[in-house]
Amino acid sequence: MAAETLVAGGVEVNVYDAMPSVGRKFLLAGKGGLNITHAEPAEKFLTRYGSRQAQLTPLLQSFGAQQLCDWVHGLGIATFTGTSQRVFPKEMKAAPLLRAWLHRLRTAGVRIHVRHRWTGWDESGGLRFTTPASEQGVRADCTVLALGGGSWARLGSDGAWMPLLAAHGVPATPLRPANCGFDIAWSAHFRERFAGHPVKAVTASFTDATGMTHKRNGELMISAYGIEGSLVYALSAPLRDTIATQGSVTLQLDLVPDKDLARVTAEVAHPRGSRSLSSHLQGRLGIKGVKAGLLREALSATEMHDPQRLATTIKTLPLQLISARPLDEAISSAGGVLFEALDEQLMLKSMPGVFCAGEMLDWEASTGGYLLTACFASGRAAGAGALTWLAAGR
Ligand SMILES: Cc1cc2nc3c(=O)[nH]c(=O)nc-3n(C[C@H](O)[C@H](O)[C@H](O)COP(=O)(O)OP(=O)(O)OC[C@H]3O[C@@H](n4cnc5c(N)ncnc54)[C@H](O)[C@@H]3O)c2cc1C
């Protein structure tokens with residue numbers, strides 16, 4: 001986005017990427033359909049960036065969800081809005097969009113150099129690159145860094161830029177997993193039986209270290225190591241931070257959110273005659289399969305036959321989350337270059353002429369198209385900032 005903005009302003013632009021091709025993580029995002037943005041009202045959209053809302057608001061006001069959709073349409077790609085208000089390319093793929101975009105960039109004069117790993121600056125301020133053939137130095141009038149976060153390192157964004165910027169005194173917070181799964185010590189039986197099973201239509205809640213309660217409805221997935229999926233990702237930032245403070249956190253699941261405790265208690269206590277407890281729970285409350293497995297994982301055989309205890313557990317099933325999954329497995333990264341290190345044009349205050357954009361900045365958001373939208377918006381802003389800086393002849 002920065003390259004597109006700069007070349008449109010008449011600047012000669014060279015893009016360098018360490019990988020053999022550009023946009024590998026963007027292509028991976030396409031495997032999930034490429035949720036490019038979200039169609040909810042702008043005021044709600046902006047709240048998705050939590051403590052970084054203030055810093056991202058001006059960028060998203062200049063280039064937000066609607067402008068991004070217009071931009072996608074300008075590349076000949078139609079979009080549609082799903083029932084969840086998430087916006088996708090009609091074909092649910094990233095490759096046609098990336099292809100059309102790269103073609104337009106190259107036609108406009110942008111030169112793309114792959115297999116060029118940026119390794120910092122030389123003594124005279126030139127950019128240093130390692131290529132398969134040699135070490136190269138490049139003198140640039142200005143630079144936009146868009147090096148990504150630290151997840152899925154094999155796609156290129158490995159966070160190796162952190163010490164390079166730290167050496168120049170650029171403040172950054174460590175990269176941490178965001179939109180990630182969590183470890184739970186499942187019994188071997190539960191893991192073998194239910195790994196890969198979705199747990200649908202539940203409410204998850206927990207209280208963080210500050211006493212604030214977080215609550216969400218949705219669907220999660222049982223995995224061999226613990227839990228993952230959209231409901232978990234949506235709560236992952238405060239879950240991760242609570243684990244960091246307390247060592248672990250208990251997430252409570254309401255397995256039948258459409259019925260209150262009194263109703264669930266009455267259904268559980270309803271005479272079941274010769275029916276087994278399993279078919280009783282399935283018949284009266286629709287609890288079967290993985291939900292029944294979760295109950296058996298949480299309660300002993302004796303507790304299962306205590307109606308009050310069983311009803312309470314159906315409404316507040318405790319899951320002890322031990323740790324967040326490693327950064328490399330996460331969908332995105334929290335942490336990165338602090339906004340306090342940047343001016344409002346996204347230029348590093350301590351390094352005039354060097355701009356930063358995308359996931360390498362210290363913000364996070366849940367899935368839903370908010371990640372790509374803020375990456376696009378910040379790339380656009382950094383490009384515009386660089387253009388203004390160059391025009392001023394500094
Ligand atoms: C599985 C998965 C699914 C996702 N799905 C979605 C989705 O549907 N919607 C959404 O909004 N977001 C999604 N995301 C997140 C989104 O893809 C990222 O937030 C986004 O790609 C970040 O863009 P970026 O340009 O900042 O960084 P990246 O896309 O990571 O690009 C950084 C680039 O910098 C290059 N680079 C890094 N270091 C160097 C160096 N030293 N020298 C040269 N080049 C270097 C890398 O090779 C890479 O090409 C998903 C992520 C994953 C992992």
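Before reading further, recall that the structure is shown in the block above.
Residues numbered from 1 in each chain as written. Predicted model: local features only at pLDDT ≥ 70, side-chain atom pairs only at ≥ 80, totals over all residues. Heavy atoms only, no water.

Q: A description of the sheet that holds strand S13 (residues 213-222) should follow, citing residues and the corresponding values.
A: What the 7 strands build is an open sheet, ordered S16-S15-S12-S13-S14-S11-S17; its pairing is antiparallel. Taken across any chain shown, the strands that pair with only one partner, and hence form the sheet edges, are strand S16 (317-321) and strand S17 (323-324). Bridge count between strand S11 (residues 182-183) and S17: 2 bridges; the pairing is antiparallel. Looking at S17, one finds that phenylalanine 182 is bridged to alanine 324. Seen against the sheet, helix H14 (residues 307-315) touches strand S15 (249-254) and S16 and runs at an angle of roughly 100 degrees to S15. (Pairing = 2+ DSSP bridges. Helix = DSSP H or I, 4+ residues; strand = E, 2+ residues; numbered from the N terminus. Contact = heavy atoms within 4.5 Å. Axes fitted to C-alpha atoms, helices over the stretch in contact; angles between N-to-C directions.)

Q: Summarise the packing of helix H10 (residues 261-269) against helix H11 (residues 277-285); cite the residues concerned and give the values.
A: Close contact between H10 and H11 brings their axes to 9 Å; oriented N to C, the two are set at 135 degrees. Classified by the interaxial angle, the pair formed by H10 and H11 is oblique. Crossing hand, H10 versus H11: right-handed. Contacts between H10 and H11 involve Val264, Glu267 and Val268 from the former and His280, Leu281, Arg284 and Leu285 from the latter. (Parallel < 35°, antiparallel > 145°, perpendicular 65-115°, else oblique. Left-handed = near helix turned anticlockwise from the far one by under 90°.)

Q: Explain the site of the ligand residue by residue, including any values.
A: Taken together, 23 residues sit near the ligand, with Asp17, Asn35, Trp118, Glu359 and Leu372 positioned nearest. Contacts to the ligand include aspartate 17, whose side-chain N or O atom sits 2.5 Å from an oxygen atom. The separation between an oxygen atom of the ligand and a polar side-chain atom of glutamate 359 is 2.5 Å. For the ligand, whose unbound accessible area comes to 1000 Å², protein coverage reaches 88%. Only helix H2 (24-31), strand S6 (117-121) and helix H15 (370-391) provide two or more residues apiece to the shell around the ligand. (Near = heavy atom within 4 Å. Polar contact = N/O pair within 3.5 Å; in protein donor to acceptor, adjacent residues only side chain to side chain. Areas by Shrake-Rupley, 256 points an atom, 1.4 Å probe, with all protein chains shown as cover.)

Q: Pulling in residues and values, what's your account of the side chain of lysine 259?
A: Here lysine 259 shows up in the loop between S15 and H10. Judged by its relative accessible area of 16%, lysine 259 is buried. The contacts of lysine 259, once residues within four sequence positions are left out, are Val264, Leu285 and Lys315. (Buried < 20%, exposed > 50% of the residue type's maximum accessible area, 1.4 Å probe, protein only.)

Q: Any details on the packing of aromatic side chains? Residues and values, ideally.
A: Each aromatic ring pair is summarised here by two numbers: the centre-to-centre distance and the angle between the ring planes. Counting across every chain of the model gives 14 aromatic pairs. With a centroid separation of 6.3 Å and 85 degrees between ring planes, the pair formed by phenylalanine 26 and phenylalanine 376 is classed as edge-to-face. With phenylalanine 26 in helix H2 and phenylalanine 376 in helix H15, this pair connects stretches of sequence that are 350 residues apart. The same class applies to phenylalanine 26 as to phenylalanine 376, namely buried. Note on tyrosine 49 and tyrosine 370: the rings are 6.4 Å apart at their centroids and 90 degrees apart in plane angle, and the pair reads as edge-to-face. Here tyrosine 370 lies in helix H15 and tyrosine 49 lies in the loop between helix H3 (42-47) and helix H4 (53-62), a separation of 321 residues in the sequence. Taken as a pair, tyrosine 49 and tyrosine 370 share a single burial class, namely buried. If you follow arginine 325 out to its NZ or CZ, it ends over the ring of tyrosine 225, 3.9 Å from the centre. (Phe/Tyr/Trp six-rings, centres within 6.5 Å; stacked < 30°, edge-to-face > 60°. Lys NZ or Arg CZ within 6 Å of the ring centre and 35° of its normal.)

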